[in-house]
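# Descriptive structure summary
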Amino acid sequence: MLYYLFEYLERAYNFPGASLFGFITFRAAIAILMSLAISTIWGKRIILYLQKKQLGESIRDLGLEGQVEKAGTPTMGGLIIILATLIPVLLLAKLENVYVILLIVTTLWMGAIGFIDDFLKIRKKNKEGLSGKFKIFGQIGLGVIVGATIFFHPGVTVKEEIANSPAQQEELVDSSSREFSSEEKALTTTIPFVKNNEIDYSVLVSWLGPNYVKYSWLLFIPIVIFIVTAVSNGANLTDGIDGLAAGTSAIIVLTLGIFAWVSGNIIFSDYLDVMYIPRSGEMVIFITAFVGSLVGFLWYNTYPAQVFMGDTGSLTIGGIIAVIAIAIRKELLIPILCGVFFMETLSVMLQVSWFKYTKKKSGEGRRIFLMSPLHHHYQKKGIHESKIVTRFWIIGILLAIITIVTLKVR
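Computed from a predicted structure; not experimentally measured.

This part is about the overall build of the chain. From N to C terminus, the chain includes 15 helices and four strands. Against the compact-globule benchmark of 22 Å for 410 residues, the chain has a radius of gyration of 22 Å, which places it among compact chains. Projected onto the principal axes, the alpha-carbon positions of the chain cover approximately 65 × 55 × 35 Å. Taking all 410 residues of the chain together, the buried fraction comes to 49%. The long-range share in the chain, meaning contacts at least 24 apart out of those at least 6 apart in sequence, stands at 73%. Counting only carbon and sulfur atoms, one obtains 65% of the accessible surface of the chain, whose full area is about 19,700 Å².

Here it is in structure tokens:
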């Protein structure tokens, strides 16, 4: 809303400094500062409110060191992340932008699912919370919305350069000297570590006949559903010890923010040979606000945590990460960038599968890890959780660097 106010002041009165709000970088800087302030200053008040309402976490005794002491710690702290993200976005972003709308819908949709789950666990004394099938149904619903919007909305397009001289490929020159194709609808995405690193999902259904492009949504939407479901559940599993999910997510989102800014800038996207996606740069406002909210939340969530994010936060975080990656056509980088989420999810899948297999074969279930998800395995080995979190953050940073390197390594 501030964006529209200052746009009007600039247009109508040539108000000094109002033109700054036309720059994404300026609004992004304001967004991260604003979200940090909201999450740190108002976060304390939200925590006190949650304590007053006795919305504390019920802890199952799994034999982990320091676990019992966490009983009663306020949960639903994801509300801090959601509020600290949405308020700056509503004030500073272009609200008619299709990508911003998608991210706002994602935040509210996944936040609502997580909130219901946390509410049932605490108020209704239901340790299972929201039934797994209802969570999956909600994730599928979001995947359908996101996939259908990206496929059908006329504002979701890509733009490719028609021709470049060798000199232009080596130098960063003004975009006016280049020739680009008109905006076009395409399901093009990026493949890491490949020279010709773009593929169109439509090609995978070319066997449907000459009009196969019309039916490519039959493949694309299920892919989006799978990504949204996998990443949101991965973030949910990672949220097990103080600061782990928020810290690793901040690293992931910041990396996606770099990709979003490059993809939305016609000069830098061409120079780095990254797909140019018109209007996607506006997502940087949302992303910086989201990063600020995660870092601010860490102020209270680092060991020993004063608040837990709950499913309200973890499901929302995973959903947002998935949608950003899909929107900037970098979803195939998720296994690398979200490697911590991937390891946590894989550890659970391996543990459960091996236990069931050995029980069926020998009558006694065996385990690969001392406990899953993976961070609990290291806790069982006697490593303090703050050390586990720090090491996972370091791994997350390394994976982020590898992901960024894919801009040029092909």
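Structure shown, so let's carry the discussion forward.
Tracing the sequence through the fold places Ile251 in helix H8 (residues 244-263). In this structure Ile251 comes out as buried when scored by relative accessible area, which is 17%. Taking the C-alpha atoms as reference, Ile251 lies 6.7 Å from Gly396; in sequence the two are 145 residues apart. For Ile251, the residues in contact, after removing those within four places along its chain, are Trp393, Gly396, Ile397 and Ala400.

On inspection of all chains with the given rule, the structure shows eleven aromatic pairs. Ring plane angle 20° and centroid distance 6.3 Å describe the contact between Phe115 and Phe119, whose orientation is recorded as stacked. You can see Phe115 and its partner Phe119 sitting in helix H4 (residues 98-122), four residues apart, about one turn around the helix. When its relative accessible area of 34% is taken as the criterion, Phe115 is described as partly exposed. For Phe119, a relative accessible area of 32% corresponds to the partly exposed category.

Right, let's get into the pattern of salt bridges. If the charged atoms of two oppositely charged side chains come close together, the side chains can form a pair. Taken as a whole and judged by the stated rule, the model has six salt bridges. Note that Glu282 and Arg27 form a salt bridge whose closest N and O atoms lie 2.5 Å from each other. Taken as a pair, Glu282 in the loop between helix H9 (266-271) and helix H10 (283-301) and Arg27 in helix H2 (residues 24-52) lie far apart in primary sequence, 255 residues in all. Given a relative accessible area of 4%, Glu282 falls into the buried group.

Attention shifts here to empty space enclosed by the protein. Counting across every chain of the model gives two cavities of 30 Å³ or more. In this model, the second largest cavity occupies a volume close to 40 Å³. As for the second largest cavity, its lining consists of Ile150, Ala186, Leu187, Thr188, Thr189, Tyr201, Phe220, Ile326, Arg329 and Glu331. When grouped by side-chain class, the residues that make up the lining of the second largest cavity number six nonpolar, two polar and two charged.

Attention now moves to the nonpolar core. Formed by 91 residues in total, the largest nonpolar core has its most connected members in Phe220, Leu256, Phe290, Ile321 and Ile328. No other element matches H10, which puts twelve residues into this core. Among all residues touching Ile328, those that are not within four sequence positions of it are Leu256, Phe259, Ala260, Ser263, Ile277 and Met283. Ranked by size, the runner-up nonpolar core spans eight residues in total, among them Leu244, Val340, Val389 and Phe392.

Glancing now at the side chain of Ser269. Structurally, Ser269 is set in helix H9. A polar side-chain atom of Ser269 sits 3.3 Å from the main-chain carbonyl oxygen of Ile266. Ignoring anything within four residues of it in the chain, the contact list for Ser269 reads Val262, Ser263, Val274, Met275 and Tyr276.

This part covers the confidence of the model for the chain. With 91% of its residues at a pLDDT of 70 or more, the chain has an overall mean of 88. Below pLDDT 50 for its whole length, residues 165-177 participates in 17 contacts with residues either more than four positions away or in separate chains.

Turning our eyes to something else, we now look at the packing of helix H3 (residues 78-92) against H4. Interaxial distance between H3 and H4 falls to 11 Å at its minimum, and their mutual angle equals 160°. Considering the angle they form, H3 stands roughly antiparallel to H4. Like other packed secondary-structure pairs, H3 and H4 cross with a definite hand, here left-handed. For the pair formed by H3 and H4, the contact residues are Leu79, Ile82, Leu86, Val89 and Leu90 on the first element and Val100, Ile104, Thr107, Leu108, Gly111 and Phe115 on the second.

Let us look at the packing of H8 against H10. Following both chains from N to C, one finds H8 and H10 inclined at 165°, their axes separated by 9 Å at the closest point. By the angle between their directions, the pair H8 and H10 is classed as roughly antiparallel. Relative to H10, the crossing made by H8 is left-handed. Here H8 contributes Ala246, Gly247, Ser249, Ala250, Val253, Leu254, Leu256, Gly257, Ala260 and Trp261 to the contact with H10, which in turn contributes Val284, Ile287, Phe290, Val291, Leu294, Phe297, Leu298 and Asn301. Taken together, the residues of the contact of H8 with H10 break down into 14 nonpolar, four polar and no charged.

With that settled, consider the environment of Val323. Relative to the assigned elements, Val323 resides in helix H11 (residues 310-327). On the basis of relative accessible area, Val323 is assigned to the buried category, the value being 1%. Residues Val323 and Ala250, spaced 73 residues apart in sequence, show a C-alpha to C-alpha distance of 15 Å. Ignoring sequence-local partners within four residues, the contact set of Val323 consists of Leu103, Thr106 and Val146.

Topologically, Pro74 is positioned in the loop between H2 and H3. Looking at Pro74, the relative accessible area reads 4%, which means it is buried. A sequence separation of 23 residues divides Pro74 from Gln51, and the C-alpha atoms of the two residues are 5.9 Å apart.

Taking 1.5 Å per residue as the helical rise, H2 with its 29 residues ought to reach 42 Å, and the 40 Å between its terminal C-alpha atoms agrees with that figure. Taken as a whole, H2 carries its principal kink of about 40° at Gly43. When H2 is considered as a whole, its buried residues turn out to be Arg27, Ala28, Ala31, Ser35, Ile38, Ser39, Gly43, Ile46, Ile47 and Leu50. Packing partners of the buried residues in H2 comprise helix H1 (2-13), H3 and H10. Two residues or fewer after H2 comes Gln54, characterised by a positive phi angle close to 55°.

Cut-off values and rules
- Residues numbered from 1 in each chain as written.
- Predicted model: local features only at pLDDT ≥ 70, side-chain atom pairs only at ≥ 80, totals over all residues.
- Heavy atoms only, no water.
- Helix = DSSP H or I, 4+ residues; strand = E, 2+ residues; numbered from the N terminus.
- Rg over C-alpha atoms; globule rule 2.2 N^0.38 Å.
- Buried < 20%, exposed > 50% of the residue type's maximum accessible area, 1.4 Å probe, protein only.
- Contact = heavy atoms within 4.5 Å.
- Areas by Shrake-Rupley, 256 points an atom, 1.4 Å probe, with all protein chains shown as cover.
- Phe/Tyr/Trp six-rings, centres within 6.5 Å; stacked < 30°, edge-to-face > 60°.
- Salt bridge = Lys/Arg side-chain N within 4 Å of Asp/Glu carboxyl O.
- 1 Å grid on protein atoms, 1.4 Å probe; cavity = no way out; pocket = protein on both sides within 12 Å on 5 of 7 lines; lining within 4 Å.
- Points joined across faces, edges and corners; volume = space filled by probe spheres on them.
- Nonpolar A, V, L, I, M, F, W, Y, C, P; charged D, E, K, R; others polar.
- Core = buried A, V, L, I, M, F, W, Y, C linked by side-chain atoms within 4.5 Å.
- Polar contact = N/O pair within 3.5 Å; in protein donor to acceptor, adjacent residues only side chain to side chain.
- pLDDT = per-residue confidence, 0-100.
- Axes fitted to C-alpha atoms, helices over the stretch in contact; angles between N-to-C directions.
- Parallel < 35°, antiparallel > 145°, perpendicular 65-115°, else oblique.
- Left-handed = near helix turned anticlockwise from the far one by under 90°.
- Expected span 1.5 Å × (residues − 1).
- Bend = angle between axes of the 7 residues up to and from the residue.

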